[in-house]
Amino acid sequence: MAVAIEAERLVKKFGQHVVLDELSFTVDEGTVLGVLGPNGAGKTTAVKAVTGLCALDSGSARILGHSVSKESNVVKQLTGFSGQYAAVDEDLTTMENLVLVGRLYGHTKSDAQRRAHELVEAFDMGSYARKRVAQHSGGMRRRVDLACALVGTPKVLVLDEPTTGLDPSSRVSLWQMIQGLVGDGMTLLLTTQYLEEADVLADQILVMSKGRQVAHGAPEDLKGRLGGEQVVVELASTEADTARAAKVVEGILAGTGAQIATQDGQLSFRVPDASRWLASCVSALTADGISIGGLSVKAPTLDDVFFALTGDSMEPTEPDAQLAFITGGS
Ligand SMILES: Nc1ncnc2c1ncn2[C@@H]1O[C@H](COP(=O)(O)OP(=O)(O)OP(=O)(O)O)[C@@H](O)[C@H]1O
Ligand SMILES: [Mg+2]
């Protein structure tokens, strides 16, 4: 598989502050690399560097074999970029924004209009086509922004936090649009603060902290490093049962490598594929006369992954997908 994006030992400093510290990565053609990291990790700087929007102190970047610094015109034709903050003109309509971008690419007026219509149709924006962007919701604005990045029919798309701040349903509809593009063969580099987003969209994830790579791998690999989902069992009965309950659960999970932590009236452990083990844990506890007050299963969050990798915490972000349900008892 050919390499579409190549970043080699990128270094960027602002004064004494080293923002990119010998960062290297590649993205194969037709695949998706998700760059994850907390605020200030250097994600935006990294993606701007590979699109030629940020001059480097050292290192080099190539898009489909073309040097970002020496062949900027070719790179511009090959790459679509949507920044962290939607850059559409609020006073213009969806169509006017798309046509304007087309004209900036040097398209004739009729070509720019044709492409704008294509994109409005492809992204189901018909009812918003003639409305001013100022009247759009955040989700629709991001949609227009994404469409603007596609006006030049790029082969490589770079999206900086495409769904930050959106409600869950707008996020999912943007994911579907992005998945459609990838399904058509687009190479995608995207930054995000959500593990769930990288999980849904990315083939590979690069975790950044302080301008450096702290991990790289498939989403499953990264989550696997944590030992799976976290299960918390709340006991309805007295704390005296805690040790007995831990023994029962230990018996069920023998061989999985799960470590059971206990606290008054509560057990917690991480186990891959938690749903497989829950029913047996609950029935063994019940059979032993231990009643359960509550049970929760929490998918690993980016914060968990980040903490496991660096011993540091991310800035607080929205909670990841969480599954909680109460059984029996209180
Ligand atoms: N033009 C600039 N001048 C000085 N410092 C800058 C500039 N741009 C970015 N920085 C600093 O570089 C560091 C990395 O910034 P960057 O925007 O790349 O991080 P990020 O990972 O995208 O963060 P966020 O999640 O908040 O978007 C930050 O400490 C930021 O303050
Ligand atoms: Mg950023």
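Quantities reported herein were computed from a predicted structural model and do not represent experimental measurements.

(A) Spotlight on the coordination of the magnesium ion (ligand 2). Protein coordination at the magnesium ion (ligand 2): the donors are Thr44 (OG1) and Gln84 (OE1), at 2.0 to 2.2 Å from the metal. With Thr44 in helix H1 (residues 43-51) and Gln84 in the loop between strand E6 (79-82) and helix H3 (94-104), the pair connects residues that are 40 residues apart, well separated along the chain.

(B) Here's a closer look at helix H5 (residues 138-149). In this model H5 runs 17 Å from its N-terminal to its C-terminal C-alpha over 12 residues, within 8% of the 16 Å that 1.5 Å per residue would give. Where H5 is concerned, the buried positions are Gly139, Met140, Arg142, Arg143, Val144, Asp145, Leu146, Ala147, Cys148 and Ala149. Summarising the contacts, the buried residues of H5 are in contact with E6, H3, helix H4 (109-122), strand E7 (156-160) and helix H6 (168-183).

(C) Inspection of the site of ligand 1 at higher detail. Residues in close proximity to ligand 1 total 14 residues, the closest being Gly40, Lys43, Thr44, Thr45 and Gln84. Here an oxygen atom of ligand 1 and a side-chain polar atom of Lys43 are 2.7 Å apart. Within the side chain of Glu161, a nitrogen or oxygen atom sits 3.3 Å from an oxygen atom of ligand 1. Taking 630 Å² as the accessible area of ligand 1 by itself, protein coverage stands at 62%. Among the secondary structure elements, those contributing two or more residues to the shell around ligand 1 are strand E2 (17-28) and H1. The dominant element in the shell around ligand 1, judged by the number of residues it contributes, is H1, at 3 residues. Among the residues making up the shell around ligand 1, the classes are represented as 4 nonpolar, 8 polar and 2 charged.

(D) Highlighting the pattern of salt bridges. Overall, the coordinates contain 11 salt bridges when judged by the stated rule. Here Glu22 ties to Arg9 by a salt bridge, and the two come within 2.8 Å at their closest N and O atoms. In this pair, Glu22 sits in strand E2 while Arg9 sits in strand E1 (residues 3-14), placing the two residues 13 residues apart along the sequence. Glu22 gets classed as partly exposed once you look at its relative accessible area, which sits at 39%. A salt bridge links Arg212 to Asp21; the nearest nitrogen and oxygen atoms lie 2.9 Å apart.

(E) Examining the confidence of the model for the protein more closely. Model confidence for the protein is summarised by a mean pLDDT of 88, while 93% of its residues fall at 70 or above. Confidence over residues 316-330 falls short of pLDDT 50; this stretch has 27 contacts with residues more than four positions distant or in other chains.

(F) Local environment of the UniProt feature "domain: ABC transporter" (unreviewed entry) in the protein. In this structure's numbering, the residues bearing the UniProt feature "domain: ABC transporter" (unreviewed entry) are residues 5-235. For the annotated span residues 5-235, helix accounts for 35% and strand for 30% of the residues, and the straight-line distance between the end C-alpha atoms is 52 Å.

(G) Geometry of the domain arrangement of the protein. Split by domain assignment, the protein resolves into domain 1 (3-223) and domain 2 (226-325). In this structure, domain 1 and domain 2 have C-alpha centres spaced 38 Å apart.

(H) Inspection of the side chain of His136 at higher detail. Assignment of secondary structure puts His136 in the loop between H4 and H5. Overall, the relative accessible area of 6% leaves His136 in the buried class. Here Thr94 takes part through its side chain, which lies 2.8 Å from a polar atom of the side chain of His136. At 3.3 Å, the side chain of His136 forms a polar contact with the backbone oxygen of Arg132. In contact with His136, other than residues within four places in its own chain, are Thr94, Tyr128, Lys131, Arg141 and Val144.

Cut-offs used in this document
- Residues numbered from 1 in each chain as written.
- Chains lettered and ligands numbered in written order.
- Predicted model: local features only at pLDDT ≥ 70, side-chain atom pairs only at ≥ 80, totals over all residues.
- Heavy atoms only, no water.
- Donors = N, O, S within 2.8 Å, 3.2 Å for Na, K, Ca; no water.
- Helix = DSSP H or I, 4+ residues; strand = E, 2+ residues; numbered from the N terminus.
- Expected span 1.5 Å × (residues − 1).
- Buried < 20%, exposed > 50% of the residue type's maximum accessible area, 1.4 Å probe, protein only.
- Contact = heavy atoms within 4.5 Å.
- Near = heavy atom within 4 Å.
- Polar contact = N/O pair within 3.5 Å; in protein donor to acceptor, adjacent residues only side chain to side chain.
- Areas by Shrake-Rupley, 256 points an atom, 1.4 Å probe, with all protein chains shown as cover.
- Nonpolar A, V, L, I, M, F, W, Y, C, P; charged D, E, K, R; others polar.
- Salt bridge = Lys/Arg side-chain N within 4 Å of Asp/Glu carboxyl O.
- pLDDT = per-residue confidence, 0-100.
- UniProt positions renumbered as here; feature names shortened; annotations may be inferred.
- Domains from an automatic or database assignment.

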